[in-house]
Amino acid sequence: MTQELVTTAEIMGTGYSEHPDPVLAAGECVRAALGGRIPSEEDLVFVFPTIDYEPHAFLEAAERHAHPARVVGCTSFAGFTRDKQVARGCVATYLPANGCSFGVAAVDPLGDDMFGAAKRVAEVAIERGGEVHPHSVLLVLSDGLAGDQREIVRGTYAVTGAKVPLVGGAAGENLTLRGTYQFAEGRVMTNGVVAVWINTPYRLGVGVRHGWRPLGRPQIVTRASRNIVYELDGRPAVEAYFEVRGAELLNHESIGGQVMNHPFGVVADSGRYEIRHIMNRVEDGLVLFGYVGEGAVVRVMASDCDDLLGAAALAAGDALAQLETAPRGALVFSCTARVPLLGDRLPSEIAAVSDGLGGCPAGGFFTLGEFARVTGTTGFHNATVVVLAF
Amino acid sequence: MPEDYGVGDGSEFAPAEIRMLRARLEMAEREAGRTLFRATRLAQVVKVLGDHSELAEMSERAVCEVAELFSADLALLLLGEDAALGVEAHWGVRPRDVPATPVRLPEGFAELIRPVLIGAAEEIGYPTWLSSYSPRHVAYGRLVTRGETLGYIMLARRAENPFETADAHELQALATRIALALDNGLLYKSMQDQLRRMDRLYRVTTELAGIPHLELEEVADAVARAVRNEVAVSSVALYVPDGEDLRMVGCAGPIGSLPERASREYLAGTELAHEMLLLRSGDPDSGVVVVSQPPRDGTDERALLSHMMELAGLVIDKARLHDLTRRQAERDILTGLPNRLLLSRRMEEAVARAKRRGSHVAVIFLDLDRFKVINDSLGHAAGDELLAEIAARLQAVTRSGDTVGRLGGDEFVVVCEDVEHPEQAFAAARRMQAMVGDSAIDLNGAPVSVTVSQGIAITGRSGYSAEALLRDADTAMYRAKERGRNRIEVFDNEFRTQAVALLRGERALRDALENGRLRVLYQPIMRLPDRVMVAAEALMRYEDADGRIVSPAEFIDVAEDSGLIVPMGEWILAEASRQAARWRSRLPAACPLAVSVNLSVRQLAQGDFAEVVSTIVADTGARPQDLLLEITESVLMHTGPRMVDTLGAIKDLGIRIGIDDFGTGHSSLAYLKRLPIDFLKIDRSFVDGLDDDPEDSAIVAAIIGLARALGLQAVAEGVEQEVQVARLVELGCERAQGFLFARPMAAEAISRLVEGLVAAPAFEGDSTSGAIAVGLTGVERPDSHGVRC
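Undergrad: Which parts of the structure should I look at to understand the overall build of chain B?
TA: Within chain B, the secondary structure is distributed over 25 helices and 26 strands. For chain B, the proportion of its 789 residues judged to be buried stands at 49%. Surface summary for chain B: the accessible area is close to 36,600 Å², and the carbon and sulfur share equals 52%.

Undergrad: Explanation requested: the nonpolar core in the structure shown.
TA: Note on soluble globular proteins: their nonpolar side chains tend to be buried together. Residue and element names in this part refer to chain B. Grouped together as the largest cluster of nonpolar side chains are 92 residues, with contacts concentrated most on Leu 77, Leu 130, Leu 143, Leu 155, Ile 178 and Leu 182. Other than its neighbours up to four places away in sequence, Ile 178 contacts Leu 49, Val 66, Leu 77, Leu 143 and Ile 153. Among the nonpolar cores identified, the runner-up in size contains 79 residues, and Tyr 522, Ile 565, Phe 609 and Ala 714 belong to it.

Undergrad: Sorry if this is basic, but what is going on with the interface of chain B and chain A here?
TA: Quite often, the size of an interface is put as the accessible area lost when its parts meet. Across the contact, 35 residues belong to chain B and 34 residues belong to chain A. Here chain B packs against chain A, burying approximately 2,900 Å² in sum over the two surfaces, 48% of which is carbon and sulfur. Considering only the side of chain B, the residues that lose the most area to chain A are Glu 68, Trp 91 and Arg 94 of chain B, jointly responsible for 20% of the buried surface there. Seen at the junction of chain B and chain A, the total is 9 salt bridges. Put simply, chain B and chain A have 11 residue pairs in polar contact (both at pLDDT 80 or more) between them.

Undergrad: For this particular structure, what's the right way to read the sheet that holds strand S22 (residues 330-335) of chain A?
TA: Backbone hydrogen bonds hold the strands of a sheet together, and the pairing may be parallel or antiparallel. Residues and elements named next belong to chain A. Strand order across the open sheet formed by 6 strands is S5-S4-S23-S22-S26-S13, with mixed pairing between neighbours. Each edge of the open sheet carries a strand with a single partner, namely strand S5 (85-86) and strand S13 (205-209). Where S13 and strand S26 (residues 385-389) come together, 5 bridges link them in antiparallel fashion. What sits directly across from Val 208, in S26, is Val 386.

Undergrad: Hey, could you run me through helix H4 (residues 150-160) of chain A in this one?
TA: Along an α-helix, residues three or four positions apart point the same way, because every turn accommodates 3.6 residues. Residues and elements named next belong to chain A. Of all the 11 residues making up H4, 11 are buried; the element is thus mostly covered by neighbouring parts of the structure. Along H4, the residues that are buried comprise Arg 150, Glu 151, Ile 152, Val 153, Arg 154, Gly 155, Thr 156, Tyr 157, Ala 158, Val 159 and Thr 160. Trailing H4 by a residue or two, Gly 161 shows a phi angle of about 80°, which is positive.

Undergrad: It is not clear to me how the environment of Ala 195 of chain A should be interpreted in this structure. Could you clarify?
TA: Residues and elements named next belong to chain A. For Ala 195, the location among the structural elements is in strand S12 (residues 193-200). Considering only alpha carbons, one finds Ala 195 and Val 167, 28 residues apart in sequence, at a separation of 10.0 Å. Discounting residues that sit within four places of it in the chain, Ala 195 has contacts with Gly 103, Val 104, Ala 105, Val 121, Ala 125, Leu 138 and Leu 139.

Undergrad: Help me out: how do you make sense of the packing of helix H10 (residues 371-378) of chain B against helix H11 (residues 380-397) of chain B in this one?
TA: Helix-helix packing is described using two parameters, namely the angle between the two axes and the distance between the axes. Residues and elements named next belong to chain B. At a closest axis distance of 6 Å, the pairing of H10 and H11 adopts a crossing angle of 135°. What the angle tells us is that H10 and H11 run oblique. Within the contact between the two elements, H10 uses Phe 371, Ile 374, Asn 375 and Leu 378 and H11 uses His 380, Ala 382, Gly 383, Leu 386 and Leu 387. Of the residues contributing to the contact of H10 with H11, the split by class is 6 nonpolar, 3 polar and no charged.

Undergrad: Can you walk me through the packing of aromatic side chains in this structure?
TA: Aromatic ring pairs are defined here through the distance separating the ring centres and the angle between the ring planes. As enumerated under the stated definition, the model contains 12 aromatic pairs over all chains in all. Look at Phe 46 of chain A and Phe 48 of chain A: their rings are 6.0 Å apart centre to centre, the planes differ by 20°, and that puts the pair in the stacked class. For the ring pair Phe 371 of chain A and Phe 380 of chain A, a centre distance of 5.6 Å and an interplane angle of 50° mean the geometry is tilted. Accessibility classification places Phe 371 of chain A together with Phe 380 of chain A in one group, the buried group. Chaining the aromatic ring pairs together yields one cluster made of Phe 46, Phe 48, Phe 333 and Phe 365 of chain A. Over the ring of Tyr 133 of chain B we find Lys 163 of chain A, and its NZ or CZ is 4.3 Å from the ring centre.

The rules behind each value
Residues numbered from 1 in each chain as written. Chains lettered and ligands numbered in written order. Predicted model: local features only at pLDDT ≥ 70, side-chain atom pairs only at ≥ 80, totals over all residues. Heavy atoms only, no water. Helix = DSSP H or I, 4+ residues; strand = E, 2+ residues; numbered from the N terminus. Buried < 20%, exposed > 50% of the residue type's maximum accessible area, 1.4 Å probe, protein only. Areas by Shrake-Rupley, 256 points an atom, 1.4 Å probe, with all protein chains shown as cover. Core = buried A, V, L, I, M, F, W, Y, C linked by side-chain atoms within 4.5 Å. Contact = heavy atoms within 4.5 Å. Buried area = accessible area lost by both parts, 1.4 Å probe. Salt bridge = Lys/Arg side-chain N within 4 Å of Asp/Glu carboxyl O. Polar contact = N/O pair within 3.5 Å; in protein donor to acceptor, adjacent residues only side chain to side chain. Pairing = 2+ DSSP bridges. Axes fitted to C-alpha atoms, helices over the stretch in contact; angles between N-to-C directions. Parallel < 35°, antiparallel > 145°, perpendicular 65-115°, else oblique. Nonpolar A, V, L, I, M, F, W, Y, C, P; charged D, E, K, R; others polar. Phe/Tyr/Trp six-rings, centres within 6.5 Å; stacked < 30°, edge-to-face > 60°. Lys NZ or Arg CZ within 6 Å of the ring centre and 35° of its normal.

Structure representation (structure tokens):
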């Protein structure tokens, strides 16, 4: 990385608001992100409100304040900036184009053809953003409750190919699983996907880490369908899972709260683990935040605050290593499942990322799944922290 | 836990040792996980391969799954020969970067490759078009099944971690499994293709064999459409042989300037016809299908086209046969002209076109004059020969767009389109008249001259139907016949009104005849100067459906024109004869009452009329001398030798004959000498002026003088005044009738009237009676009688 002088005008801006009114909150956070700068139509403003706001009023106000910059975003479990964790409110980040080209596209509904929708949204985003510059990244925000998010990765990957890194997050909510919103092109979507094609003259940095370690013996998924694991080692999945954890199943109806700190780790060829959080149960089967195929080897995972924070710092470091210029800011997509484990030390995660990037502005949201594909991974994650450094 | 890691008393570890142990433990766990992962990786891919039977979908899914399970960034499924591998599926490569044409493996690669090859990308090589993806490590698996190489699966990593030996073993096993799946997929695809082919074949077969039409043009269009759809060419035209040339009978798509008619050589040589496909059927010269561009390439297409040509040949043959049959059914066998069926259609089409264009259609109805005579005298063969010659002559003088047809017998019809003025149609008729009578036609050595009567009808402002046009032309033709033959008459609206009235009157008259509603009244004929009734003229009436008594003024023309006058005349003759017989039996022998009946020229024209009269007289018991028959002066104009003979025969029976309405016609006085006449009836128009018109008086005197000179009796009609009687007596007229004496009355009233009268001879020369003489006419002429009763 080469240290260069970064002017204020080039730096990413962040802002937040905890005002209960959507219009006032949108205005407040966008204004804060702009920090007094006048945006251009080439610029981009990301907004990540919690599910508490009326989405149309919120988006309209955000667009009004960001004008002529374009506004994209999605709902979150919670948002954060370098300075603030926003449990109920909204976060905005302002991305000056700074020589980059942003192509924004949105497609909805995802329906049963998430692969096709993802392909289309990527194609349109590329077409709009162009390919004038040598480097590109595709940023994707999708409905986190749409289904197998791996199809989003595959659909976009079929368009961009291996040379273009993928980052992003699945829109979140307050774990009621009722629905999420996505924002782009002046539209509010509930089952959509937003893509931002970032074409830049300089290299961007992408980092992805989770900080989880295996607990207990490996198990083989012997029966599964899409994102539901019915059997592990030939036994009912719920039973096998809790046995490995050495814990009793406390509540037969809802297990969400009991499994947050022990997701599955799907073993990859590299020996690394791709984390899959457990969303719920269906009789004896476990519903995951992502696809797990039959024959996959899984392990129950565990972690602690230090490891999670350490992972955030490593992700920032990975991203930093790819940059050719001094960091101007970072978008961070962190998993909702990390929140309870981090507890009081939650602000330390974004701080670790920011610090790892030389204290640059950083902001993002807690997701229902993260997208990050640089090389050799499937690209869809749970329980990770993903960093896109500019 | 290895002992050398222990420190102190062995119960505790130094932090460094703990870190080391933890790292080793993580490494061991990672390796254990990888080992287990690899053990199940094959199973995962196999599962995915089994989920998709469609080759393309399976291929796409396979490269994706394999790439993810081997942590590869790129994956290619290459199928085909080593020198020309097609990219069946790809992963991690932007679609625009994938070459559309077959690719080659790196030089010498195929010879060196083992079932699996892994290594650094730069050492082993990779397709050059992948270089922008900067692959660092590559792995190739040869897809072999049944000893045959189907292609390769290629994986590439952009990251540092190379493919390992364990990867190679699994990739080999995986490649075998993929090859098997591909083989199955290919087999499946082949089966699907076969099924599709059969389905297509079935569809085409049912489409062509089930064409729901028989019309050649419709069938040909359907065939052309089917060929166009199946082989994806822009346009198709279908030609069938027509004489020496080919004639286009159907097409699909824009045929541009492809000719409607052309020689086979011309079509083969033109650039418009890319290919000519022969229809195959029982007929070696069934036709050709011309396609505008190369049919879609492929063995299937050719096989399908071949099959289609066979089917098309069959259906086209069927349609042509139908066409031929229809043509024959629509043509007159003798002349080859359109018959009534085709004529009707042509007329309907012409009328429809005229309506659209705002033009007119003329229909000329032609009927040969005296054809029956020729046919009867020279034989049917000669008649046919004549008709064929007439057909040829008519065709020779009509325009190319006009239709000449034969309705049957000696009736021809010509349909002329785009007639702007009736004169045009008249001119066409004159041309035909001239052409027909131009020169004598040689029939078996006998030169025969013929003439033709023609009637013309033209679509009016309100438009006609084709049927009405033909009917009106026919009516006009009949008028031409009536007016002397070899004439041309144009039907007009007045004519049409008359025709309609005629038709209506004829129907009512026929109804009366068939249902016994004809009536007879008798008007006395008096002897002068003593005013004794010596005869009665039978006068016909009929009672219509409403009970109204209809006078001859209303129906006589209808009866004449329709020919009903013949049976009606026979009826009243019989009725009058019966009444004469009745009176003879009831009245004193010395006072016979004769009955006079009018005859029509149509009755007289019947060859056997004398026999008819004889039979009636015999059947009714009347005596011939009790009957008087009247013919009008106009009959004389039609009198030929045969009619003279008939009148002679009647006269020979003992029946007397008189001339009605004498003085009004233009007959030659020579007839009075030739014909067997007994009396003359002086027309009422002259009698009317007896009292004040010296000319009428002179004519009456002349007629009476003429009758006397020829030995005939004179009978004055329409006497209504005493002064007329006085004058008639003065001039020597011996018989008179009119309202002055009596109106027409029923037979019974006559009977009462004559009872007790003194008989007197009815007519001079009647040796049998000296009592009552009665002159009766059957069907009186409204213009010649005082029949206003």
